Amino acid sequence: MRRKFFKVLIFILFFLVLDNIFYMGFSFLYQKSRFNALKQILMEKPDVIYLGNSKFLSGIMPEAIKRETGLSGYNASANGSGIVFAKGLESVILSYYRPKIFVIQVMPLSSERGAMSRLAPYLHNSGVKNLLSYYPYNIRIKYGLLKTSRYNSMLVVIIKGLFGKLDSQCGYRPLFGSLSQKRSRQVRSSIETNFPAQFGETLLRNFIEEARRNQVEIIMVEMPILKQEKNDGYDTYGNFAKIYNIPLINLSKKSDTCLQSTKEYFWDKFHLNNKGVTVFSAVLGEEINKFIKNNP
Amino acid sequence: MLFNSLQFGIFFIIVYSLYLILNHKWQNRMLLVASYVFYGAWDWRFLSLIWISTILDYICGIKIYESIDFKKRRLFLFLSILGNLSILGFFKYFNFFAANIQKLLGLFGVSVNPNFLNVILPVGISFYTFQTMSYTLDIYRKQMKPTRKLLDFALFVAFFPQLIAGPIERAKNLLPQVLKTRKVTVEKFLEGFRLILWGLFKKVVVADRLGIYVDAVYGNVHHHSNITFILATSFFAFQIYCDFSGYSNMARGLAKVMGFDLMVNFRNPYFAKNIKEFWQRWHISLSSWLKDYLYIPLGGNRKGFLKTNRNIFITMLLGGLWHGANWTFIVWGMLHGIYIVGTKIVQAALEKIIKDKKRNNIISKMLNTLITFIIVSLAWIFFRAENLNDAFYILRSIFSFPEYLFIEGVALGHITYSLMGILVVILVEYRSRNNTTGDVLQFKSMVAQWAVYYLVIFGVIFFGVYGGEQFIYFQF
């Protein structure tokens, strides 16, 4: 009996050792990966950080905005992101340096896809750790107990980042081609994590206040979409914009007034293509310029 | 409380700790309470249905056994079957039949407005009703004696590892294990651990990952085309296999560590070389149930060619209906009926024409396996589609000109992990294709065995999808 118990103990101990070895290995490789957005940001220390979901990722071209404003930028958006990811990344970035502006997309406050798995490598950051406390306890235990789980489903990112071609331009990922009936970007909702809207609002407030404490300006942006539907979070962002005197740029409205035919600028109903991004980035660049002039 | 959830992990640790310190009598009582807690965690109101089914079959079983009069025996069997099928029919099929009768009468200009039921389907109802029916049917056939221990019988009905999604155990196999003292050995514990581990891997790493692509495609069928549907349907074939066989593995493993032996529910079905063999390897507990209690009573293969094929067709059709009250499942069952009957006819014709035994070589075996996989996958389209219109749209698209492969909506990583997962499952299960116990992770050398444990555990941690996905078969 004692021998069996000893065997189980060895098994568990060896498991913990392996967990730490794998964690250190993945951590090292992730730091080397070119797809590690934070590594790029810390290397370039851009003036503007763009935070949003896939609409922002393919809809904001920092280079085009730089041409308008002279401000360097990095698009740190990620597919399926919401306010949780934005808040987490803000904490991580601010722990290293202070950009001039955070441009944040009006994005969901109550649902998020894969935010914590993207933030998990930065769980040593207290801001990210705080976010984890809002997650169900099984997720907290998973990330807390098993270090390897912080790199859950990141092997492709790591390998591609070590050997693959970097296809992004300052974080921006272009989408080529125009609107097609055969495209749908809808993925199942069950892989999303849902939060109470109140939690999202708290995070948005925290996001604004932390930026203010660090003297970083904020600009909110509503992205244009072809499908006419009201963004649930828009009113909330609008209220916060009023309270904290933050500019809220509605590119969706700009698309009606500035552009006659918008279809050619879209990859699908929700995402700008490589043509649309230059047009709308220029419009956003002008708006940022106006903001800079008013807030020197 | 899913097997792959932390809640279940804590629940099972408590149950197992108590199990190890109690004697047989109290083990059974504790397991019964645990099973009701497990079921009640979904919806405690439906516990009453399990109790009705339990008491009905307990009484009917004794009455059938005690009655000498043939008519009386038939009456109690009829009562048992009527009771169970009424529960199943009311909760699972009432709305379906009401809606279809309404449509049918509408065709003749008769307008009726049936009162549709606003109830949710009790989880696992198809599994435990079939399990309890097998008890009275076996007593009626004088293949077993009834038990007079109500609590032990109740445990046979509600035993939590297999309550929700099977295997649909036979009373002949499980009830004696409930009644007798069980022995927990290190070997059984390790075998159970390996079964749980492999089941967890198939569920969390493979099935749930595949589900991301499958759901994105099948949820928006009119946005996709040829190659996308082929990939999504092939993915679904592996998703449903890994999901359901993963659950069965975990169920068997959990029972095994407590000293129970549940039946093997899957034996590498995608290695089958024809459709008949596929059904000998797929959801064995259901297919053997249907064979024993439906196909054989209908006459089996004893009444000539036509009636044999009719019996096969009826069995498969009802097997399809068992899965759900939807025309998609009925068509799926019918398709399998046509496949089996068709294969029999083609095989008979081929045997007359080709008498060369060499066609049993490895290439023809592989070809047969591939053809079987393709036709099974085509039938899965009906199983997975939301409705018949979607299913026919997918079928039409598959046989049309290739257009566009959908990968943008889901990250390329998901597809890569999915393909890797499928490859691992095929390799591991091919390695132990002759293993009849399903214990595919067993290795003789201790070093290899530990390496496999660590690989699978880290595989689950590193590649697992943790979205709390339900097991597909819970809906049946």
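Residues numbered from 1 in each chain as written. Chains lettered and ligands numbered in written order. Predicted model: local features only at pLDDT ≥ 70, side-chain atom pairs only at ≥ 80, totals over all residues. Heavy atoms only, no water.

Undergrad: Got a minute to help me understand the packing of helix 10 (residues 226-257) of chain B against helix 17 (residues 412-431) of chain B in this structure?
TA: For any two helices packed against each other, one specifies the inter-axial angle together with the distance between the axes. Residues and elements named next belong to chain B. Where helix 10 contacts helix 17, the two axes come as close as 11 Å, and the packing angle between them is 60 degrees. Looking at the two axes, helix 10 sits oblique to helix 17. Judged by the twist between their axes, the crossing of helix 10 over helix 17 is left-handed. Facing helix 10, whose interface residues are F235, F238, Y241 and C242, helix 17 presents I415, S418, L419, I422, V425, I426 and E429. Along the lines of polarity and charge, the residues of the contact of helix 10 with helix 17 split into nine nonpolar, one polar and one charged. (Axes fitted to C-alpha atoms, helices over the stretch in contact; angles between N-to-C directions. Helix = DSSP H or I, 4+ residues; strand = E, 2+ residues; numbered from the N terminus. Parallel < 35°, antiparallel > 145°, perpendicular 65-115°, else oblique. Left-handed = near helix turned anticlockwise from the far one by under 90°. Contact = heavy atoms within 4.5 Å. Nonpolar A, V, L, I, M, F, W, Y, C, P; charged D, E, K, R; others polar.)

Undergrad: Can you walk me through the pattern of salt bridges in this structure?
TA: Two side chains carrying opposite charge are able to pair once their charged atoms lie near each other. A complete count under the given rule lists 17 salt bridges over all chains for this structure. Look at the salt bridges and you will find they share partners, linking K188, E191, K256 and D261 of chain B into a network. (Salt bridge = Lys/Arg side-chain N within 4 Å of Asp/Glu carboxyl O.)

Undergrad: Just to check I follow, could you spell out the sheet that holds strand 6 (residues 217-222) of chain A for this structure?
TA: Residues and elements named next belong to chain A. Read from one edge to the other, the open sheet built from five strands follows the order 2-1-3-6-7, with strand pairing classed as parallel. Two strands close off the open sheet at either side, each with one partner strand: strand 2 (73-75) and strand 7 (248-250). Adjacent strand axes in the sheet meet at a mean angle of 20 degrees, parallel and antiparallel pairs treated alike. Helix 5 (residues 83-94) rests against strand 1 (48-51) and strand 3 (101-105) of the sheet, and its axis sits at about 165 degrees to strand 3. (Pairing = 2+ DSSP bridges.)

Undergrad: How do you make sense of the pairing of strand 3 of chain A when you look at a structure like this?
TA: The side chains of a regular strand alternate between the sheet's two faces. Residue and element names in this part refer to chain A. Counting buried residues along strand 3, five of its five residues qualify, which places the element largely inside the surrounding structure. Residues I101, V103 and Q105 of strand 3 are buried on one face, and the alternating residues F102 and I104, pointing to the opposite face, are buried as well. Here strand 1 pairs with strand 3 via four bridges, running parallel. Each residue of the ladder has a partner; that of Y50, found in strand 3, is V103. Strand direction decides the pairing type here: strand 3 and strand 6, joined by five bridges, are parallel. Residue pairing in the sheet places F102 in a bridge with I218 of strand 6. (Buried < 20%, exposed > 50% of the residue type's maximum accessible area, 1.4 Å probe, protein only.)

Spatial relationships are all this shows, so hold off on functional conclusions.
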